Amino acid sequence: TEEISLLLKELKSFLIPFIRKIQKSKIKINPSILAGNFDVEKQKEFNRLVVQKMGFDFESGRLDISTHPFTTNFHPEDVRFTVRYDKNNLFYSLSSAIHETGHALYEQGILAENFGTALGESVSLGIHESQSRIWEKIVGRGRPFWRHFYPILQKEFPEPFSNVSFEDFYRAINFIQPSLIRTEADEVTYNLHIILRFEIEKDLIEGSILVEDLPQIWNSKVKEYLGIKIPNDTKGVLQDVHWAEGLFGYFPTYTLGNLYSAQLYEAAKRDVLNLEEELARGEFNHFREWLRKNIHIHGKFYLATELVQKLTGEKLNNKYFINYITKKYEEIYNIK
């Protein structure tokens with residue numbers, strides 16, 4: 001708790017003013033250019049193409065549909081994940097497909113010979129989340145990834161993408177705007193959703209606040225951190241299933257995943273020669289195998305903290321995530 005409190009406090013002190021800078025930017029991004037009428041069967045085909053290119057083995061797993069995207073595994077050779085579809089929003093399913101593939105590749109990368117032992121299990125929820133976020137956000141919303149996939153997307157969905165330039169598309173998929181729902185938040189505002197939940201959990205457990213006061217406390221924090229007003233508790237304090245299930249202390253794993261992902265990606269760029277040039281050519285093998293060799297196959301051999309120290313030469317810290325966010329969005333929004 002002491003360690004995560006320091007990390008989140010430092011992260012919050014960066015995020016709130018950085019979001020204000022983005023909101024003051026004169027660059028206007030129109031995310032509506034991504035909207036269209038996307039045949040669900042064609043979405044399924046495109047998702048399968050992307051997922052297969054990333055390295056998911058369909059001989060050892062499945063991709064299906066559910067109300068809420070998730071990944072589950074019964075064995076390294078039986079890993080299943082799901083997405084949901086919206087005919088007007090291609091990224092409703094595609095983002096989930098890339099995210100869940102990150103989880104699924106981790107499970108497929110665990111050595112089958114170690115099944116049933118601690119070496120046959122993932123090291124932690126935070127490291128697991130790092131695998132989904134590194135693929136979904138850092139790779140899947142990056143320029144190199146779309147240098148390869150955007151021409152294919154334009155061919156498969158000429159309406160609307162044949163009339164959308166690569167630059168406009170790239171900016172639109174990285175549009176930043178504070179929102180009510182955590183699971184729909186962009187990568188800049190997302191961690192503030194986690195931070196306010198952690199602060200509330202900590203105060204609840206320490207007895208400094210009462211359950212009956214949660215709606216007011218929640219609404220106040222959202223207004224302070226994200227600058228938006230909560231219309232009702234469904235879109236506010238009651239939006240997640242975690243507390244109803246008794247999963248207190250779970251939320252920080254999401255932010256840990258984000259922090260791990262940025263730190264691990266820098267290590268991968270150091271180790272894999274011309275990594276981003278490979279991604280731009282649609283060559284994902286070296287990156288996937290780097291993750292498999294350095295993370296997946298070890299199971300629980302290392303603690304998460306030991307694993308990060310071993311791979312990056314440093315303890316987990318905010319520096320890499322802050323640098324990643326700053327560099328990416330200063331360029332997109334032309335801010336300094």
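Residue numbers restart at each chain and count upward from 1, following the sequence in its written direction. Residue-level local features of this predicted model are given only where pLDDT is at least 70; pairs of side-chain atoms are given and counted only at 80 or more, and the full residue set underlies all totals for whole chains, interfaces and linings. Note that water and hydrogens are dropped before the side-chain values are worked out from all heavy atoms of the structure.

Asks: When you look at the packing of aromatic side chains in this model, what are you seeing that I'm missing?
Replies: In this description, a pair of aromatic rings is defined by centroid distance and the angle of the planes. Ring pairs shown here join Phe, Tyr and Trp side chains whose ring centres sit within 6.5 Å, with only the six-membered ring taken for Trp; geometry is labelled stacked below 30 degrees between planes, edge-to-face above 60, and tilted in between. In this structure the tally under the stated criterion is 30 aromatic pairs. Ring geometry for Phe46 versus Phe149: centroids 6.4 Å apart, planes at 75 degrees, classification edge-to-face. In this pair, Phe46 sits in helix α2 (residues 40-54) while Phe149 sits in helix α5 (residues 143-156), placing the two residues 103 residues apart along the sequence. For Phe46, a relative accessible area of 2% translates into the label buried. Each residue gets one of three labels from its accessible area relative to the maximum for its type: buried under 20%, exposed over 50%, partly exposed in between, using a 1.4 Å probe on protein chains only. We classify Phe149 as buried; its relative accessible area is 1%. Aromatic side chains Trp218 and Trp243 sit 6.1 Å apart centroid to centroid with 90 degrees between the ring planes, which places their arrangement in the edge-to-face category. A residue pair is termed long-range when its members are at least 10 positions apart, and Trp218 in helix α9 (residues 214-226) and Trp243 in the loop between α9 and α10 (252-271) qualify at 25 residues. Per residue, the accessibility class of Trp218 equals that of Trp243, and both read buried. Each helix is a run of DSSP H or I of at least 4 residues and each strand a run of E of at least 2, with the numbering of both proceeding from the N terminus.

Asks: What's the story with empty space enclosed by the protein in this structure? I'm lost.
Replies: Empty space among the atoms becomes visible once a probe the size of a water molecule is rolled across them. Only protein atoms enter the 1 Å grid, on which a cavity is a set of points fitting a 1.4 Å probe that cannot get out and a pocket is an open set with protein on both sides within 12 Å along at least 5 of 7 lines, lining residues being those with an atom within 4 Å of a point. Grid points are joined across faces, edges and corners, and a volume is the space filled by probe spheres set on the points. Within this structure, the stated rule accounts for one cavity of 30 Å³ or more. If you add up the space inside the largest cavity, you get close to 50 Å³. Along its surface, the largest cavity is lined by Arg133, Lys137, Ile138, Glu187, Asn258, Ser261, Phe321 and Tyr324. Elements that contribute at least two residues to the lining of the largest cavity include exactly α4 (125-139), α10 and α14 (319-333). For the lining of the largest cavity, the element with the most residues is α4, which contributes three residues.

Asks: Looking at this structure, I do not really get the nonpolar core. What am I missing?
Replies: Here is a general trend for soluble globular proteins: nonpolar side chains tend to be buried in one another's company. With 105 residues, the main nonpolar core has Trp135, Trp146, Phe169 and Phe287 as its most contacted residues. The dominant element in this core, judged by the number of residues it contributes, is helix α1 (residues 2-23), at ten residues. Those residues in contact with Phe287 that lie beyond four places of it in its chain are Ile134, Trp135, Val139, Tyr265, Ala268, Leu275 and Leu279. Joining through side-chain atoms within 4.5 Å is the link that ties buried Ala, Val, Leu, Ile, Met, Phe, Trp, Tyr and Cys residues into a set, and such a set is a nonpolar core. In what follows, residue pairs with any heavy atoms lying within 4.5 Å of each other are defined as contacts.

Asks: What am I meant to see in the environment of Leu125 here?
Replies: Along the chain, the position of Leu125 falls in helix α4. Once the C-alpha coordinates of Leu125 and Glu212 are considered, the two residues, 87 residues apart in sequence, prove to be 30 Å apart. In contact with Leu125, other than residues within four places in its own chain, are Tyr250 and Thr253.

Asks: Sorry, what's going on with the pattern of salt bridges here?
Replies: Pairs can form between side chains of opposite charge once their charged atoms are near each other. In the sections that follow, a salt bridge refers to a side-chain nitrogen of Lys or Arg positioned within 4 Å of a carboxyl oxygen of Asp or Glu. Here the structure, examined in full by the defined rule, presents 20 salt bridges. Lys269 serves as the salt-bridge partner of Glu266, at 3.2 Å between the closest nitrogen and oxygen. Residue Glu266 and its partner Lys269 are located together in helix α10, separated by three residues, close to a single helical turn. Note on Glu266: relative accessible area 34%, which makes it partly exposed. Salt-bridge contacts for Lys336 lead to Glu330; the nearest nitrogen and oxygen are separated by 3.8 Å. A relative accessible area of 79% means that Lys336 is categorised as exposed. Three or more residues joined by partner-sharing salt bridges are found here, namely Lys12, Glu199 and Lys221.

Asks: How should the sheet that holds strand β3 (residues 78-83) be read in this particular structure?
Replies: Remark on secondary structure: sheet strands pair via backbone hydrogen bonds, oriented parallel or antiparallel. Note on pairing: DSSP must find at least two bridges between two strands before they are called paired. Strand order in the open sheet formed by three strands is β1-β3-β2, with mixed pairing between adjacent strands. Where the open sheet ends on each side, the last strands, each with one partner, are β1 (61-65) and β2 (71-75). When strand polarity is set aside, the average angle formed by the axes of neighbouring strands in this sheet is 15 degrees. Bridge analysis of β2 against β3 gives four bridges, and the strand direction is antiparallel. Its bridge partner lying in β3, His75 is registered against Asp78. Across the sheet, helix α3 (residues 90-109) touches β1, β2 and β3, and the angle it forms with β3 is around 165 degrees. The convention used is that axes are lines fitted to C-alpha atoms, helices contributing only their stretch in contact, and that angles between N-to-C directions extend from 0 to 180 degrees.

Asks: Quick question: what am I supposed to make of the environment of Asn47 here?
Replies: Looking at the element boundaries, Asn47 is found in helix α2. With 181 residues separating them in the primary sequence, Asn47 and Ile228 have C-alpha atoms 33 Å apart. Excluding residues that lie within four positions of it along the chain, Asn47 makes contacts with Val83, Tyr85, Ser93, Leu94 and Ala97. Definition of a polar contact: a pair of N or O atoms within 3.5 Å, with one able to donate and the other able to accept a hydrogen when the atoms are protein atoms, and with sequence-neighbouring residues admitted only if both atoms are side-chain atoms. A polar atom in the side chain of Asn47 sits 3.2 Å from the side chain of Ser93.

Asks: Can you walk me through α3 in this structure?
Replies: Given 3.6 residues to a turn, an α-helix orients residues that are three or four positions apart in the same direction. To estimate the expected span of a helix, subtract one from its residue number and multiply by 1.5 Å. In a regular helix each residue adds 1.5 Å, so 20 residues correspond to 28 Å; α3 covers 28 Å between its end C-alpha atoms and thus fits that length. Its side-chain oxygen at 3.0 Å from the backbone nitrogen of Phe91, Asn89 defines the N-terminal cap of α3.

Asks: Can you walk me through α5 in this structure?
Replies: The first and last C-alpha atoms of α5 sit 19 Å apart over 14 residues, in line with the 20 Å expected at 1.5 Å per residue. Fitting axes to the seven residues that end at a residue and to the seven that start at it, the angle between those axes gives the bend at that residue. The sharpest bend along α5 measures roughly 40 degrees and falls at Phe149, with the proline Pro151 sitting one to four residues further on. Among the residues of α5, those classed as buried are Pro144, Phe145, Trp146, His148, Phe149, Tyr150 and Leu153. Looking at the packing, one finds that the buried side of α5 touches α2, α3, α4, α6 (158-161), α7 (166-173) and α11 (275-280).

Function-wise, these values are silent; they only describe arrangement.
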